[in-house]
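A structural walkthrough
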Amino acid sequence: MNPSSRQRGFTLIEVMVALAIGVIVIFLSYQTLRSAIDSAKVTKETMAEIDDLSRAMYLLEADFRHVVARNVSLYNVLITAGFSSEVDEEYLLRLVRDGRPNPASLPRSSLLQVGYRLQEETLYRDSWPESEEALADDASQLPLLTGVTELVIRYLPASAENRQGPWLERWPEQGVSGLPVAVEVQLETKDFGRITRLFLLGQG
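Computed from a predicted model, the values in this text were never measured in an experiment.

1. Here's the deal with the overall build of the chain
If you tally the helices and strands in the chain, you get one helix and ten strands. In sequence order, the chain lays out its α and β elements as α-β-β-β-β-β-β-β-β-β-β. When burial is assessed residue by residue, the chain has 32% of its 204 residues classed as buried. Taking the intrachain contacts of the chain between residues at least 6 apart in sequence as the baseline, contacts between residues at least 24 apart amount to 48%. For the chain, the accessible area works out to roughly 13,100 Å², and carbon and sulfur atoms hold 54% of it.

Next up, the structure:
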């Protein structure tokens, strides 16, 4: 047999080079896959945070849109017009709203007491059925948003000439009664920075 016709085998160096290239390809593929998984995870977490923020803003808007002026009491503290930022040191805002769902058509009030509080960087929305006997411990607690480092609420009285104010830092203030016409909510969050939203009350 002619030696030149024999098939030439791979040398050890060629095999090692091929293995090295294969290892590099596998490593790069793993890095790409890992990066894609991490990106998907970050995207999912970000979307969840955006959903939480959207839900918080939606509930705030719904509460302010359905607010009603009604004197109520909570653990023997009277809230004039059912709207106050001075109930106690726990709640930054308390209000009474209409539109409580009643799918079974039960003989009960359609009003709901709502309280917003900030605890351990989490914004909570507590709610009670409208009742003079309502107790703070009976509240249905709903965590709305995490990572909230500051919450500032300002109130625009009906006596203000325009939306420039003057805005009030608390409600009610001496000489002011009833409901404000608008509420400004400022949220300082770790994920989104400072967010400011203006809400009109009722038909304001």
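2. Brief notes about the packing of aromatic side chains
Counted according to the given criterion, the structure contains four aromatic pairs. Between Tyr91 and Trp128, the aromatic rings sit 5.6 Å apart at their centres with planes inclined by 70°, giving edge-to-face as the arrangement. Taken together, the residues Tyr91 in the loop between β3 (83-84) and β4 (93-97) and Trp128 in strand β6 (residues 122-129) connect sequence positions 37 residues apart. The residues Tyr91 and Trp128 share a single accessibility class, namely buried. What links up through ring pairs into an aromatic cluster is the set Phe83, Tyr155 and Trp171. Lying across the ring of Tyr91, Arg94 places its NZ or CZ 6.0 Å from the centre.

About the thresholds
Residues numbered from 1 in each chain as written. Predicted model: local features only at pLDDT ≥ 70, side-chain atom pairs only at ≥ 80, totals over all residues. Heavy atoms only, no water. Helix = DSSP H or I, 4+ residues; strand = E, 2+ residues; numbered from the N terminus. Buried < 20%, exposed > 50% of the residue type's maximum accessible area, 1.4 Å probe, protein only. Contact = heavy atoms within 4.5 Å. Areas by Shrake-Rupley, 256 points an atom, 1.4 Å probe, with all protein chains shown as cover. Phe/Tyr/Trp six-rings, centres within 6.5 Å; stacked < 30°, edge-to-face > 60°. Lys NZ or Arg CZ within 6 Å of the ring centre and 35° of its normal.

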